[in-house]
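So you can see what is in the structure, the chains are spelled out below.
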Number of protein chains: 2
Amino acid sequence: MAAGRRTDPIMTSALKPPRVVIVGAGFGGLAAARRLAGRQVDVTMVDRRNHHVFQPLLYQVATAALSPADIAGPIRAILSRAANVRVVLDEVCGVDTGRNVVELTSGAELHYDWLIMATGARHSYFGRDDWSAHAPGLKSIEDAIAIRSKVLLALELAETETDAARRRALLTFVVIGGGPTGVEMAGAIAELARRSVSEDFRSITPHCSRVILMEAGDRLLPSFPETLSAKAERSLRRLGVELRLGAPVKDVGDGHVRLDNKILLAATVVWAAGVEASPAADWLRAAHDGSGRVIVEADLRVPGHQNIFAIGDTAKAMGIDGKAPPAVAPAAKQQGRYVADFILGRAQRPFRYRDFGNFATIGRNQAVITMGSFELSGFVAWLIWSVAHIWFLIGFRSRLSVTITWLWNYLTYQRSARLITGEIACPRPQSLRSQSLERKCA
Amino acid sequence: MAAGRRTDPIMTSALKPPRVVIVGAGFGGLAAARRLAGRQVDVTMVDRRNHHVFQPLLYQVATAALSPADIAGPIRAILSRAANVRVVLDEVCGVDTGRNVVELTSGAELHYDWLIMATGARHSYFGRDDWSAHAPGLKSIEDAIAIRSKVLLALELAETETDAARRRALLTFVVIGGGPTGVEMAGAIAELARRSVSEDFRSITPHCSRVILMEAGDRLLPSFPETLSAKAERSLRRLGVELRLGAPVKDVGDGHVRLDNKILLAATVVWAAGVEASPAADWLRAAHDGSGRVIVEADLRVPGHQNIFAIGDTAKAMGIDGKAPPAVAPAAKQQGRYVADFILGRAQRPFRYRDFGNFATIGRNQAVITMGSFELSGFVAWLIWSVAHIWFLIGFRSRLSVTITWLWNYLTYQRSARLITGEIACPRPQSLRSQSLERKCA
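Definitions and cut-offs
- Residues numbered from 1 in each chain as written.
- Chains lettered and ligands numbered in written order.
- Predicted model: local features only at pLDDT ≥ 70, side-chain atom pairs only at ≥ 80, totals over all residues.
- Helix = DSSP H or I, 4+ residues; strand = E, 2+ residues; numbered from the N terminus.
- Rg over C-alpha atoms; globule rule 2.2 N^0.38 Å.
- Buried ≥ 20, exposed ≤ 12 C-beta atoms within 10 Å, placed from the backbone.
- Axes fitted to C-alpha atoms, helices over the stretch in contact; angles between N-to-C directions.
- Left-handed = near helix turned anticlockwise from the far one by under 90°.
- Contact = placed C-beta atoms within 7 Å.
- Core = buried A, V, L, I, M, F, W, Y, C linked by C-beta atoms within 7 Å.
- Domains from an automatic or database assignment.
- Nonpolar A, V, L, I, M, F, W, Y, C, P; charged D, E, K, R; others polar.
- Pairing = 2+ DSSP bridges.
- pLDDT = per-residue confidence, 0-100.
- Right-handed = clockwise from strand over helix to strand, strands pointing away.
- Expected span 1.5 Å × (residues − 1).

Caption draft 1: The arrangement of the overall build of chain A in detail. From N to C terminus, chain A includes 13 helices and 24 strands. For 442 residues, the compact-globule estimate of 2.2 N^0.38 gives 22 Å, and the C-alpha radius of gyration of chain A, at 23 Å, lies within 12% of that figure. Projected onto its principal axes, the C-alpha positions of chain A cover 80 × 50 × 45 Å. Classification of the 442 residues of chain A by burial places 53% in the buried group.

Here you go:
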């Protein structure tokens, strides 16, 4: 490796290879680790989970189309061949920037010459954390399994519920937030409840389920052009999703959502309305924006810390054009590669985000894509979306397995991973008739 | 349907189709439901889970080779086309045999004309239930995920453990019980720890892990001929499994197993030593054997209850030859079909178990099969085992998916489902050096 090209004083003064600590094995952290693999640096990757999650497909686990292992792989296996990268399962609880040390909850410490914070984002309930118990968000495999269990359990309870109002609430699914995640969740829940399972029940007709997508703003997919928002709205309506635009949620409680003038009874509420950054800014005592994102320089370094970077959803980077890159996987990956190059002495220019387009899918056969001034929607967009997502999946096994599962689901309308696991809440007392209940739209 | 053939007073007196309640969607209950599908009976299947589990492959989920959805499918989907079968997700808490009613924990009741108890078995710790916290057994998807997390977490903790004795304990895996489940678990853990992950760690060499299989009796697989026991022992030793035969366990505690004269330190202990029947005998206030199994007549009816059957692992049936059928899936399936035929007025003879052989597999390329006086072991036995297990998997998707996953695992030695999910216990405090730890057999 061209050590002579390195110009940073921290690197040239070290006799041993410089120690790089990467916190978080999301898209950004993993891209940095891969770029540093095989180089003259000693890399430690810390994550509190043992697996990387392909987040763009998490909603498919939440709606029983894919298994967790289809979209998640052990970080250790992904980085197995990078002999200079060590993977540590632990949780960060602080950073001592004076001593150049990352503090872990196990009590251990990691010394760094370079630190890359790639800790991502988590749900934000805009200060109403009590809503989280009633409206889970979708960030981890556990979140996805919990939502899957909740959706499937609601259908199961509806099957034996004799009270019409309660049955109606069990068959009402609300998604809050009209961004890409909310649109994808609403479309997928509608396909699952209204189509895939509809032959499996005797007392209810899941086809009559209500799926409601709520968005505070006046259109879906605000980050897309208006024409595509309109197409997404039409596609969702065709799937049977009810849209409530300009409908800010006032309260979320056990089994209900309150709008300005109305209470909606729904056993299942999913939160896709907001995220906030991880506590990286607190750990670094760094300046942050309203969402908690660390404000970084043009080269992604944290002001006042010449050897600390923040990337991905946990950073607020101002591009040279004055625009911040969006909170999407490609931006995090590009930033990860950029900081790796910076550490290797190869990146002198400020970081520049290259926009390769923006995707959202709306159930079977429908997606919208925007790429600069280019717009695409419909079946071709959906095919491009499918191929792109399979392509970017990590590991050959997942690609093959997901391809086959998707083909199978597509041809049969089945959902192959309809498992309710974990502690099953005992269904609430109710009178259950042994005879078949009447089949009717509840 | 040949209603004229029915001779039972309960059936002929009913104007409506007789109501059959099946408790438990294991192999026995599902076989009964499938045989009753499309007949002039009104069937209700109750299970406390929404999915049927293909138990013979559960150990492959516990060792990260397969995903839960590969070996489990929604009961509702399996019985979707049987219009006369209703599926209810609920838990049985009692049976009122006077009123012919099954009581559910939801407060609901199910009236029956015929009742089939197919509630299976659970782990038995021989009165030492406190051992269950330290030595989980393998009966459900949750059990398998918990064991998987435990095994993978032990390897993760070993990677950063600097104390040699603790590292040794983390890399010691004990399986208690030398029946088919214990043999399969020990072989699969050895393959996982000693081979599949060995390139992924930096500080430890998982190849040096100890996998110890303990059996109180003097040979493995006591239900197989001695020649096959000997072959299984050789195969396991070749995989690096240590065998402790004639070694009854005296105590199991946090991180250790005590034998007569020795304490073995092991972070991971798996229980495969004993099962006991579900509480069906209590619910029915029926006579049972030492393992809690309901003692049934030659026609599988519970003595004193002309309209109640017990089948599978929850029943003790005495064959006409005086031998009870073994606690395996084929016996449960045959019994399920028999009682369905009985209800349909088609089975007048006592139940007779047809033995199609006995299987156990010992990791890659090795299995033992016995079928009457026919014995087979080695690669061909393993191929037969693989084909048979794929064949009996429920649903086409699972078959295809498992075939591909197995082929992939076989060719690459990889384990594709290495996810630690659920609440991850925070690794205990330890000093962690930032430099690489020396690579040595701990």
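After that view of the structure, there is still more to cover.
Caption draft 2: Looking closely at the packing of helix H2 (residues 27-36) of chain A against helix H11 (residues 329-343) of chain A. Residue and element names in this part refer to chain A. H11 packs onto H2 with a crossing angle of 35° between their chain directions and a minimal axis gap of 7 Å. The two elements H2 and H11 meet at a crossing, and its hand is right-handed. Counting all contacts with H2, which are made through Phe27, Gly28, Gly29, Leu30, Ala31, Ala32, Arg35 and Leu36, the residues of H11 involved are Ala329, Ala332, Lys333, Gln335, Gly336, Arg337, Val339, Ala340, Asp341 and Ile343.

Caption draft 3: Spatial organisation of the nonpolar core. With 157 residues, the main nonpolar core has Ile189 of chain A together with Ile189 of chain B as its most contacted residues. Beyond its immediate chain neighbours, meaning those up to four positions away, Ile189 of chain A contacts Thr63, Val151, Phe173, Val175 and Val211 of chain A.

Caption draft 4: Quick peek at the domain arrangement of chain A. All names here are of chain A. If you check the domain split of chain A, you get domain 1 (3-123 + 275-343) and domain 2 (129-273). Using C-alpha coordinates to define each centre, domain 1 is positioned 33 Å away from domain 2. Contact with domain 1, which involves 14 residues of that partner, is made by 19 residues of domain 2. Of all the elements in the fold, those that place two or more residues in the side of domain 1 that touches domain 2 are helix H3 (58-62) and strand S10 (121-123). When residues of the side of domain 1 that touches domain 2 are assigned to their parent elements, the largest contribution, five residues, is made by H3. Taken together, the residues that form the side of domain 1 that touches domain 2 break down as 10 nonpolar, three polar and one charged.

Caption draft 5: Structural detail: the sheet that holds strand S14 (residues 251-253) of chain A. All names here are of chain A. A sheet is described by the order of its strands in space; here three strands give the open sequence S14-S15-S16, paired in antiparallel fashion. Edge strands, defined here as strands with exactly one partner in the open sheet, are S14 and strand S16 (263-265). With strand direction ignored, the average angle separating the axes of adjacent strands in the sheet is 15°. Two strands pair when backbone bridges link them, and S14 and strand S15 (residues 256-258) are joined in this way by three bridges, in the antiparallel orientation. The partner of Asp251 across the bridge, within S15, is Arg258.

Caption draft 6: Geometry of the sheet that holds strand S20 (residues 308-310) of chain B. All names here are of chain B. What the five strands build is an open sheet, ordered S5-S2-S1-S9-S20; its pairing is parallel. Strands at the two margins of the open sheet, each flanked by one partner only, are strand S5 (85-89) and S20. Adjacent strand axes in the sheet meet at a mean angle of 15° when their direction is disregarded. Bridge count between strand S9 (residues 114-117) and S20: three bridges; the pairing is parallel. Residue pairing across strands places Met117 opposite Ala310, the latter belonging to S20.

Caption draft 7: Geometry of the confidence of the model for chain A. Residue and element names in this part refer to chain A. Taken over all residues, the pLDDT of chain A has a mean of 87, while the share at 70 or more is 91%. Considering only residues more than four positions removed or in separate chains, one finds that residues 1-12, a stretch of pLDDT under 50, has 13 contacts. Under a pLDDT of 50 for its full length, residues 423-442 has, in the predicted model, 43 contacts with residues more than four places off or in other chains. ipTM for the predicted complex: 0.85, alongside a pTM of 0.88.

Caption draft 8: Seen up close, the pairing of strand S13 (residues 241-245) of chain A. All names here are of chain A. Alignment of strand S12 (residues 210-215) against S13, held across five bridges, turns out to be parallel. What sits directly across from Leu213, in S13, is Leu243. In terms of handedness, the path from S12 via helix H9 (residues 226-238) over to S13 forms a crossover that is right-handed.

Caption draft 9: Geometry of the environment of Ala158 of chain B. All names here are of chain B. Among the structural elements, Ala158 can be located in helix H6 (residues 141-160). By the C-beta count within 10 Å, which is 23 here, Ala158 ends up buried. Sequence-distant contacts of Ala158, that is, excluding residues within four places in its chain, are made with Arg167, Leu170, Leu171 and Ile204.

Caption draft 10: Seen up close, helix H9 (residues 226-238) of chain B. All names here are of chain B. Taking 1.5 Å per residue, 13 residues should reach 18 Å; H9 reaches 19 Å between its end C-alpha atoms and fits that length. The set of residues buried in H9 consists of Leu228, Ser229, Lys231, Ala232, Glu233, Ser235 and Leu236. Residues of H9 that are buried make contact with helix H8 (180-196), strand S12 (210-215), strand S13 (241-245), strand S22 (358-361), strand S23 (367-371) and strand S24 (374-378).

Caption draft 11: Representation of the environment of Ser149 of chain B within the structure. All names here are of chain B. Within the fold, Ser149 resides in helix H6. We classify Ser149 as buried; it has 20 C-beta atoms within 10 Å. Sequence separation of Ser149 and Gln348 is 199 residues, and the distance between their C-alpha atoms is 49 Å.

Caption draft 12: Quick peek at the pairing of strand S6 (residues 92-96) of chain A. Residue and element names in this part refer to chain A. Relative to strand S7 (residues 101-104), S6 runs antiparallel, the two sharing four bridges. Bridge pairing in S7 links Val95 to Val102. Adjacent in sequence and paired antiparallel, S6 and S7 are bridged by four residues, among which Asn100 carries a positive phi angle near 60°.

Caption draft 13: Broad picture of helix H6 (residues 141-160) of chain A. Taking 1.5 Å per residue, 20 residues should reach 28 Å; H6 of chain A reaches 29 Å between its end C-alpha atoms and fits that length. The buried fraction of H6 of chain A amounts to 16 of the 20 residues, a majority that puts the element mostly inside the structure.

Caption draft 14: Quick look at the environment of Ser140 of chain A. Positionally, Ser140 of chain A belongs in the loop between S10 and H6. Sequence separation between Ser140 of chain A and Ile263 of chain A is 123 residues, and the spatial gap between their C-alpha atoms is 29 Å.

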